[in-house]
Every structure is written in structure tokens, then in C-alpha cells.
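Here's the letter readout for the chains.
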Amino acid sequence: MHKLAVKMEGLEKRRRNTPLLHLSAAFFIFAKALDYVHFYHFQNIVTAIPFFAIALLSLFYGIKMKKWDPNGKYNHWLRLAQAVMFIILGFLFFSKDGVIDELISFFWAGVCLFLYLIEKRVYQDLYLQIDSGGI
């Protein structure tokens, strides 16, 4: 059995853009968590701590990803955590009068889930296997 590495065009560009997408998700989580805290007049700060923690983790991961995790081993777990945080924020904004914050939170949850699926494929190595049974 022989394995041949396959290089697809655009994968390296997508890998380089991953930290930037983590940074943008971190800033949106941070902004929406601040909106949530401001909406409740700074009384629910303890509830917002997990949102700030995931935002900070995403920020540091986006900045140091190439040094800490060049193969994207933890990328999909952080993407799922971002999506969960956006979904929870969307449900927390249900009691608010406007629906804009809900829509933005659910939209970003969808973006993070989409990026989860795309980036999971991007960080898998592609090989063409040739053995006695065929390709």
C-alpha cells in the first residue's frame, strides 16, 4: 500500500485565515457579553464570566495559534465553544425588547458551526491510497 499526499489549492489560505476568524468571533462574543451586562445594569456580571473567558481564550488562540497549535488540534473544540456561547447569548437576549441582538447572536452561532465543519476538513491531511484493491 502506498500513500500519496494531495495538495488542494486554497487550503493553505484557509489555514492562514483561521486565526483571523477566531479573533473576529472573540470580539463579537466580547461585545455581545458587554451588551448583556449593560442591559441588566451590571447586575449579572457573574453570569457573563464564561462568555468573557471564551472570548479571551479565542483571542489568545487567534494570536498564538501558529505557535501553540499549528495543526489545528484544538481548533474545532474552540469553534464549538464559540457557537455554544453565541446560542446561549441568543437565548439570554429573548427577554430584551429588540430582536437584533438575538439575530446577531444566532447568526454568529451559525457562522461558527459552519466554520467548525469547514475547518475540520481543512486540518485533515489528504492522501491518495494505492493498494492491490485499487485507488
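Centre-to-centre distance and the angle between the planes together describe a pair of aromatic rings. Under the counting rule described, the total for this entry stands at seven aromatic pairs. An aromatic cluster is defined as three or more aromatic residues linked by ring pairs; in this entry it consists of F28, F86 and W108.

Our next topic: a nonpolar patch on the surface. On the surface, I87, F91, F94 and L113 cluster together to form a nonpolar patch covering roughly 360 Å² of accessible area. Here I87 lies in helix α3 (residues 75-92).

With that settled, consider the side chain of R79. With respect to the secondary-structure elements, R79 resides in helix α3. Classification of R79 by relative accessible area gives buried; the value is 0%. Here the side chain of R79 touches Q82 through a polar contact of 2.9 Å, side chain to side chain. Residue contacts for R79: discarding those within four places in its chain leaves T18, L21, H22, A25, C112, L115, Y116 and E119.

Ranked by size, the top nonpolar core spans 18 residues in total, and within it I29, Y36, A48, F51, F86 and C112 carry the most contacts. Not counting the four nearest positions on each side in its chain, F51 is found in contact with I29, A33, M85, I88, L89 and L92.

Structurally, the position occupied by L115 is in helix α4 (residues 100-122). Accessibility expressed as a relative area gives 13% for L115, which makes it buried. In this structure L115 touches L21, R79 and K120, once residues within four positions along its chain are discounted.

Here S105 lies in helix α4. S105 sits 17 residues away from I88 along the chain, and the two C-alpha atoms are 8.5 Å apart. Once residues within four sequence positions are removed from consideration, S105 is found in contact with K32, F86, L89, G90 and F93.

A word on the confidence of the model for the chain. On average, residues of the chain score 82 in pLDDT, and 81% of them reach the 70 mark or higher. In the model of the chain, strand β1 (residues 2-5) stands out as the element of lowest mean pLDDT, 66, in contrast to α3, which has the highest, 91.

Look at helix α2 (residues 45-68) against α3: their axes get within 10 Å of each other, and the N-to-C directions meet at 145°. For the element pair α2 and α3, the recorded crossing hand is left-handed. Where α2 approaches α3, its residues P50, F51, I54, L57, S58, Y61 and M65 are matched on the opposing element by N75, L78, A81, Q82, M85, I88, L89 and L92. Tallied by class, residues from the contact of α2 with α3 come to 12 nonpolar, three polar and no charged.

Moving on: the pattern of salt bridges. Summed over the entire model, instances satisfying the criterion amount to two salt bridges. With a shortest N-O distance of 3.0 Å, K32 and D35 are connected by a salt bridge. Within this pair, K32 and its partner D35 are both found in helix α1 (residues 11-39), separated by three residues, close to a single helical turn. Accessibility expressed as a relative area gives 7% for K32, which makes it buried. In this structure, D101 and K32 form a salt bridge, with 2.6 Å as the shortest nitrogen-oxygen distance.

Reading the values: the criteria
Residues numbered from 1 in each chain as written. Predicted model: local features only at pLDDT ≥ 70, side-chain atom pairs only at ≥ 80, totals over all residues. Heavy atoms only, no water. Phe/Tyr/Trp six-rings, centres within 6.5 Å; stacked < 30°, edge-to-face > 60°. Patch = residues over 30% accessible without salt bridge, like charges linked within 9 Å, V, L, I, M, F, W, Y side chains within 5 Å. Areas by Shrake-Rupley, 256 points an atom, 1.4 Å probe, with all protein chains shown as cover. Salt bridge = Lys/Arg side-chain N within 4 Å of Asp/Glu carboxyl O. Helix = DSSP H or I, 4+ residues; strand = E, 2+ residues; numbered from the N terminus. Buried < 20%, exposed > 50% of the residue type's maximum accessible area, 1.4 Å probe, protein only. Polar contact = N/O pair within 3.5 Å; in protein donor to acceptor, adjacent residues only side chain to side chain. Contact = heavy atoms within 4.5 Å. Core = buried A, V, L, I, M, F, W, Y, C linked by side-chain atoms within 4.5 Å. pLDDT = per-residue confidence, 0-100. Axes fitted to C-alpha atoms, helices over the stretch in contact; angles between N-to-C directions. Left-handed = near helix turned anticlockwise from the far one by under 90°. Nonpolar A, V, L, I, M, F, W, Y, C, P; charged D, E, K, R; others polar.

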